[in-house]
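Residue-level structure breakdown
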Amino acid sequence: MARAEPARAVTLSDVARLAGVSVATASKALNGRDQVKDSTRQRVVEAADQLSFSPNPLARGLLAGRTGTVGLLTSDLEGRFVIPILMGAEDAFGAGQVNVFLCDARGDTIREQYHLRALLSRRVDGLIVVGRQTDPRPSLGHDIPVPVVYAYAPSDDPADLSITPDNVSAGRLAVEHLVACGRTRIAHITGEHAYAAARDRAEGVQAALHAAGLELVGDVMYSEWSERWGRDAAAVLLTRHPEIDAVLCGSDQISRGALDTARDLGRTVPDDVAVMGFDNWEVLTTNARPELTSIDANLQQLGRTAAQRVFAALDGVDIGSGTEYVAGRLVIRGSTVARR
């Protein structure tokens, strides 16, 4: 029995022939170029619909003058803040059928330049540069021939576009929640003063307390981002200031240490003292006793936003410059509101 021949794929030439135009004109019409009359474009689109024409990914890229690839250049692939940003960006790129090249510079400037040259040699359509912390990082410069968006760590050049968490508003949001829970004697333990995230959150904390007519109990306590520091600092605060009814910590790790100390001192959480953190690192927040209330930085949304800005730039939209801030969200658990 004769074997049936597979159906031949419809080509751009078939569309052009049916529409009565050249292949070049059909390409311009399907790509939305301005050089084609509206009547001609309509004829080409109708021909493509009639033939169920769908260009393959390579052809789509050639039609648009693109490769359909974007580079993600990070300095800390193992970091727990970087991974959700990359996941959010990949979600957005996947929706747009874009392939991603991921490179990890591991915090090395020379390695970063090497990866940058490699990505540009592959003719990526755009770049997202993801930092390891929210402190400004050096710009890659303005000689790069593709759109560049900086995520998490903003560029130190205001002419670049950066997307970063709004840690000041996160600090305000945390205090507003504690005040809404009836807390009025609030202390703040956080990480190293050298980190912008610690300083910005503390700024938001102080601003929200001032707006509520309250003052911080003691000074902001800065040191390492660790449970050990949380235990030690909470012991000092709760011993010197037994009237404290809330301890706001600059990270979930610090909060876990504060919870340990409250328990050791016989202070019930949240009845006697509320404890709250930042980052919403679920391996810590959901395994704490009680579970920790925390501010989630919305890092996946940050990654999606960065990818959307790259898409917009590729479509000819002026994406602007400066820094865009992504608001965090409050995740309420048992360390501030008792479970009944």
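The preceding data block contains the structure.
Let us look at the structure shown here. (Residues numbered from 1 in each chain as written. Predicted model: local features only at pLDDT ≥ 70, side-chain atom pairs only at ≥ 80, totals over all residues. Heavy atoms only, no water.)

Let us now look at the overall build of the protein. Within the protein, the regular secondary structure consists of 12 helices and 12 strands. Its C-alpha radius of gyration of 27 Å places the protein more than 25% over the 20 Å reference for a compact globule of 340 residues. Counting only C-alpha atoms, the protein reaches 85 × 50 × 45 Å along its principal axes. Taking all 340 residues of the protein together, 48% fall into the buried category. Here the contacts in the protein between residues at least 6 apart in sequence split such that 70% fall between residues at least 24 apart. Total accessible area computed for the protein in this model is approximately 17000 Å², and 49% of it derives from carbon and sulfur atoms. Each charge sign in the protein was given a centre, from 36 positive and 43 negative side chains, and these centres are 6 Å apart. (Helix = DSSP H or I, 4+ residues; strand = E, 2+ residues; numbered from the N terminus. Rg over C-alpha atoms; globule rule 2.2 N^0.38 Å. Buried < 20%, exposed > 50% of the residue type's maximum accessible area, 1.4 Å probe, protein only. Contact = heavy atoms within 4.5 Å. Areas by Shrake-Rupley, 256 points an atom, 1.4 Å probe, with all protein chains shown as cover. Lys, Arg positive; Asp, Glu negative; His and termini not counted. Charge placed at Lys NZ, Arg CZ, Asp CG, Glu CD.)

Time to look at helix α2 (residues 23-30). Turning to α2, its buried residues number three or more, namely Ala26, Ser27 and Ala29. Relative to the axis of α2, the buried residues are bounded by an arc of 165 degrees and lie together on one face. (Arc of directions from axis to C-beta.)

Along the chain, Pro145 turns up in the loop between β3 (126-130) and β4 (148-151). Separated by 25 residues in the primary sequence, Pro145 and Leu120 have C-alpha atoms spaced 8.4 Å apart.

A word on the sheet that holds strand β10 (residues 293-296). Sheet architecture is open: six strands sit in the order β7-β6-β8-β9-β10-β12, paired in mixed fashion. The strands lining the two open edges of the sheet, one partner per strand, are β7 (221-222) and β12 (329-331). For strand β9 (residues 274-278) and β10, the ladder comprises three bridges, and the chain directions are parallel. Residue pairing in the sheet places Gly277 in a bridge with Ser294 of β10. Along the sheet face, helix α7 (residues 167-180) touches β6 (186-190), β8 (246-249), β9, β10 and β12 and points at about 160 degrees away from the line of β9. Sheet strands touched by helix α8 (residues 196-211): β6, β7, β8 and β9. Its angle to β6, the strand with the most contacts, is close to 175 degrees. (Pairing = 2+ DSSP bridges. Axes fitted to C-alpha atoms, helices over the stretch in contact; angles between N-to-C directions.)

Our focus in this paragraph is unusual backbone geometry. Note the cis peptide between Val269 and Pro270, where omega equals 5 degrees. When you line up the elements, Pro270 lands in the loop between α10 (252-264) and β9. A cis amide bond links Arg289 to the next residue, Pro290, at an omega of -10 degrees. Tracing the sequence through the fold places Pro290 in the loop between α11 (282-285) and β10. Here Arg123, not a glycine, exhibits a phi torsion of approximately 60 degrees, which is positive.

This part takes up the pattern of salt bridges. Evaluated as defined, the whole model comprises 10 salt bridges. The shortest N-O distance in the salt bridge between Arg329 and Asp296 comes to 3.3 Å. Note that Arg329 is positioned in strand β12 and Asp296 in strand β10, a separation of 33 residues in sequence. (Salt bridge = Lys/Arg side-chain N within 4 Å of Asp/Glu carboxyl O.)

On to the packing of helix α1 (residues 12-19) against α2, then. The interhelical angle for the contact between α1 and α2, taken along N-to-C directions, is 100 degrees, at an axis separation of 9 Å. With respect to α2, the element α1 is oriented roughly perpendicular. Between α1, through Leu12, Ser13 and Ala16, and α2, the contact on the second element is made entirely by Val23, Ala26, Ser27 and Leu30. Grouping the amino acids of the contact of α1 with α2 by side-chain chemistry returns five nonpolar, two polar and no charged. (Parallel < 35°, antiparallel > 145°, perpendicular 65-115°, else oblique. Nonpolar A, V, L, I, M, F, W, Y, C, P; charged D, E, K, R; others polar.)

Here we come to the packing of aromatic side chains. Tallied over the entire structure, the rule returns two aromatic pairs. With centroids separated by 5.8 Å and ring planes inclined at 20 degrees, the aromatic side chains of Phe81 and Tyr152 adopt a geometry described as stacked. Residue Phe81 is found in the loop between β1 (69-74) and α5 (82-95), and its partner Tyr152 is found in the loop between β4 and β5 (161-165); the two are separated by 71 residues along the sequence. Residue classification places Phe81 among the partly exposed residues on the basis of a relative accessible area of 22%. Judged by centre distance (5.8 Å) and plane angle (75 degrees), the rings of Tyr195 and Trp225 are edge-to-face. Of this pair, Tyr195 sits in the loop between β6 and α8 while Trp225 sits in the loop between β7 and α9 (227-240); the two residues are 30 residues apart in sequence, bridging distant segments of the chain. Residue Tyr195 is classed as partly exposed on the basis of its relative accessible area of 27%. (Phe/Tyr/Trp six-rings, centres within 6.5 Å; stacked < 30°, edge-to-face > 60°.)

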